[in-house]
Structure formats: structure tokens, C-alpha cells
Amino acid sequence: MLLAVDCGNTNTVFSIWDGERFVGTWRTATDWKRTADQYFVWLNTLMRLQEIEAEITDMIVSSTVPRVVFNLRVLADRYFNTRPLVVGKSDCLLPVDVRVDEGTGVGPDRLVNTVAGFDHYGGNLIMVDFGTATTFDVVAEDGAYIGGVIAPGVNLSLEALHQAAAALPHVDISKPQSVIGTNTVACMQSGVFWGYVGLVREICTRIKAEHGVPMKIISTGGLAPLFQQSAQLFDAFEDDLTMHGLQIIHKYNKENGLQDEH
Ligand SMILES: Nc1ncnc2c1ncn2[C@@H]1O[C@H](COP(=O)(O)OP(=O)(O)O)[C@@H](O)[C@H]1O
Ligand SMILES: CC(C)(COP(=O)(O)O)[C@@H](O)C(=O)NCCC(=O)O
Ligand SMILES: [K+]
């Protein structure tokens, strides 16, 4: 079975693919100091709790935090006796082209989103991913990643206000009742929520105009539903996009790559 790991700047998600479906998914805070032994104990405990008996033979990793990859490689080697595919490394093939400026290191999460989006919807897409950063990934007609936009994440924006201004508290995002806030928290939520609605709409409108052909807008990430319900910003929401993409990339490498040269 395949262990797929999606490591973002905030959270790391582990999921097990049995060849037909994901049988378990678990989330932990991203911490590059976490050792292979710690990962294994954590994963093993959760698998037992859910009575999942999975013999892991393969592993694929997408990490926006390069330092995390070392301990994940040790995990693969020590406990699963396999060499992980790491998205973005030259020995990990992608089923789509990447057309950006030479020397640009595209975030692996964006490449994985592109692959998953193209598989689900075909080309001409804008993938909006609400993570630590909010990224817009543009997928061409042929499925290539051709660039995009990076904006500060929703929680990051709220946190920045709190960090920089002595009188502003730590606030969680939610949809405000009105635009005009009548207390500090409501004012902050309004600024970030409605500011974000505007940001998403404006960026997507401009991408569509620049790209010049009709595009579908697909959202993903924990906070996407909050924005979806408010203003019909997206054509679709996908919950498990990254895991879907990782599984496709793994399959593609099994069929076409140089896997299993331990
Ligand atoms: N369902 C959710 N409700 C509220 N906040 C969420 C939810 N899912 C994720 N978040 C928050 O959104 C931010 C981005 O999370 P995540 O998508 O895991 O980011 P990354 O992929 O960059 O690690 C984090 O601050 C996280 O706490
Ligand atoms: C933009 C990102 C920080 C988003 O990361 P995330 O919010 O998923 O943690 C990540 O994709 C990244 O580090 N990208 C490298 C630069 C680029 O994609 O062009
Ligand atoms: K992101």
C-alpha cells in the first residue's frame, strides 16, 4: 500500500491508499525536528486505533518545507524499506509540463494540485489553495502548470495584524454578519474576510482575461468552504485534491519511472 504525505508550512497530512481508495487520513502540525521514530509511533498508534491493517510498501511525499524531507526519507527507509518519491526532485516524473522561468522552484503542492485538477476537470483551470499562503495555480489547456499567484494566507493575515498592532487580539476567521464592524474583532474579521473575497474575485478575473479562454475555478484547503458559501467564487470545491494528485503521480512513476532502484 501507498503512504502519501502532504507537508504544508502549517500541517502535515498522512494518507494510506490501498489501491482503490484512501483508507485513513491523519494530520499533524509540521515540525522539521520530528524524527522518523516519532512519525512511526504516531502513525502506528492511529492505524491500530482505527483497526487499519496496512502493509506500506511505497511512499510519496510533497513538502513545501524542504527540511522535513530528511526525516520522512528515514521513515521510509527504516520502517517501510522503500525509497520515497519526492515531488519536485528530478527522479519524480510528472504527468504534466511545468512552464515557468528557468531556475524557478515551483512549490510541490502547486504541482500536485495541477495534476489532480487536470485529472478531475481537464485543462484551463485556476486552482485556489487556502493554506498557509493562498496560492492560485494556472493549469493550461494541456494540463501544464504555467504559473500563478501567491498571496498571504487567511490566518497569516489575521496573525500579522495581531503581531504588529499592540491592541489587536488573536482572532479566528469567520464570516462577519456585516461589513461595518462594531467591535474590534468584527472589524478585523470583516477586513480579512471581505478583503479576501475581493482578492480572490479580482485575481481570478484578471487571470481569465490574461489567459483568454474560459476557465474553471477550483478551490481546495480547509478554509475554501467558508468563502464558497458567501459569494459563489468557485465552480467547485475539492477536499482531498492533494492526496488525489499524489496518488496519480505515484502511479505515473510506477508505470514510467525508475522506481524500485533502492
Ligand atoms: N477547516 C478549517 N477551519 C479553520 N481553519 C483551518 C481549517 N483547515 C485549516 N485551517 C487553517 O488554515 C491554515 C492553513 O492550513 P493548511 O491548509 O493545513 O495549510 P498548509 O497546507 O500550508 O499546511 C492553518 O492556519 C490552519 O490552522
Ligand atoms: C507558496 C507556498 C509557500 C504555499 O505553501 P503552503 O501554503 O501550502 O504551505 C509553497 O507553494 C512554496 O513554497 N512555493 C515555492 C515558490 C513557488 O511556488 O513559486
Ligand atoms: K497553498
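Being a predicted model, the structure only gives us computed values, none of them experimental.

So, the coordination of the potassium ion (ligand 3)
Here is step 1 of the chain: Bound to the potassium ion (ligand 3) on the protein side are Ala133 (O) and Thr135 (OG1), at distances that span 3.1 to 3.2 Å.
Here is step 2 of the chain: With relative accessibility at 30%, the residue alanine 133 sits in the partly exposed group.
Here is step 3 of the chain: Take threonine 135: its relative accessible area is 7%, and that puts it in the buried class.

A word on the site of ligand 2
Here is step 1 of the chain: Around ligand 2, 13 residues are found, and the nearest of them are Asn9, Gly107, Asp109, Arg110 and Ala133.
Here is step 2 of the chain: Asparagine 9 has a polar side-chain atom sitting 2.8 Å from an oxygen atom of ligand 2.
Here is step 3 of the chain: Note that an oxygen atom of ligand 2 is positioned 2.9 Å from one of the backbone N or O atoms of alanine 133.
Here is step 4 of the chain: For ligand 2, the protein covers 76% of the area, taking 470 Å² as the surface of the free molecule.
Here is step 5 of the chain: At the level of elements, α3 (108-121) and β7 (133-139) are the ones that each hand at least two residues to the shell around ligand 2.
Here is step 6 of the chain: Taken together, the residues of the shell around ligand 2 break down into three nonpolar, eight polar and two charged.

Some thoughts on the pattern of salt bridges
Here is step 1 of the chain: Tallied over the full model, the rule gives seven salt bridges.
Here is step 2 of the chain: Across the pair aspartate 142 and arginine 99 runs a salt bridge, and its minimum N-O distance is 3.1 Å. With aspartate 142 in the loop between β7 and β8 (145-152) and arginine 99 in the loop between β5 (85-86) and α3, this pair connects stretches of sequence that are 43 residues apart.
Here is step 3 of the chain: Overall, the relative accessible area of 40% leaves arginine 99 in the partly exposed class.
Here is step 4 of the chain: Linked by salt bridges that have partners in common, Asp97, Arg99 and Asp142 make up one network.

Some points on the UniProt feature "binding site: substrate" (unreviewed entry) in the protein
Here is step 1 of the chain: With numbering matched to this structure, UniProt assigns "binding site: substrate" (unreviewed entry) to Gly107, Pro108, Asp109, Arg110 and Thr184. Annotated residues spanning 78 residues; largest pairwise C-alpha distance 37.5 Å, indicating distribution over more than one region.
Here is step 2 of the chain: Of note, proline 108 is situated in helix α3.
Here is step 3 of the chain: When near neighbours in sequence (up to four residues on either side) are disregarded, arginine 110 contacts Thr135, Phe136, Asp137, Tyr145, Gly148, Val149 and Ile150.

Overview of the domain arrangement of the protein
Here is step 1 of the chain: When cut into domains, the protein gives domain 1 (2-86) and domain 2 (108-244).
Here is step 2 of the chain: Relative to domain 2, the C-alpha centre of domain 1 lies at a distance of 26 Å.
Here is step 3 of the chain: Facing eleven residues of domain 1, the contacting portion of domain 2 comprises seven residues.
Here is step 4 of the chain: For the pair domain 1 and domain 2, the summed buried surface comes to about 670 Å²; carbon and sulfur atoms form 69% of the total.

Points about the environment of valine 69
Here is step 1 of the chain: In this fold, valine 69 is placed in helix α2 (residues 68-80).
Here is step 2 of the chain: Looking at valine 69, the relative accessible area reads 10%, which means it is buried.
Here is step 3 of the chain: Residues valine 69 and cysteine 7, 62 residues apart in the sequence, show an inter-C-alpha distance of 8.9 Å.
Here is step 4 of the chain: Filtering out sequence-adjacent residues up to four positions away, valine 69 remains in contact with Ser63 and Val86.

Concerning the nonpolar core
Here is step 1 of the chain: One finds Ile126, Val128, Phe130, Phe136, Val200, Phe227 and Phe234 to be the most contacted residues of the largest nonpolar core, which totals 25 residues.
Here is step 2 of the chain: It is helix α5 (residues 184-211) that contributes the most residues to this core, nine residues altogether.
Here is step 3 of the chain: The contact partners of phenylalanine 227, leaving out residues within four places of it in the chain, are Phe130, Val154, Phe193, Tyr196, Val197, Leu233 and Phe234.
Here is step 4 of the chain: One finds Leu3, Val5, Leu43 and Ile56 within the second-largest nonpolar core, a separate group that totals 24 residues.

Calculation notes
- Residues numbered from 1 in each chain as written.
- Chains lettered and ligands numbered in written order.
- Predicted model: local features only at pLDDT ≥ 70, side-chain atom pairs only at ≥ 80, totals over all residues.
- Heavy atoms only, no water.
- Donors = N, O, S within 2.8 Å, 3.2 Å for Na, K, Ca; no water.
- Buried < 20%, exposed > 50% of the residue type's maximum accessible area, 1.4 Å probe, protein only.
- Near = heavy atom within 4 Å.
- Polar contact = N/O pair within 3.5 Å; in protein donor to acceptor, adjacent residues only side chain to side chain.
- Areas by Shrake-Rupley, 256 points an atom, 1.4 Å probe, with all protein chains shown as cover.
- Helix = DSSP H or I, 4+ residues; strand = E, 2+ residues; numbered from the N terminus.
- Nonpolar A, V, L, I, M, F, W, Y, C, P; charged D, E, K, R; others polar.
- Salt bridge = Lys/Arg side-chain N within 4 Å of Asp/Glu carboxyl O.
- UniProt positions renumbered as here; feature names shortened; annotations may be inferred.
- Contact = heavy atoms within 4.5 Å.
- Domains from an automatic or database assignment.
- Buried area = accessible area lost by both parts, 1.4 Å probe.
- Core = buried A, V, L, I, M, F, W, Y, C linked by side-chain atoms within 4.5 Å.

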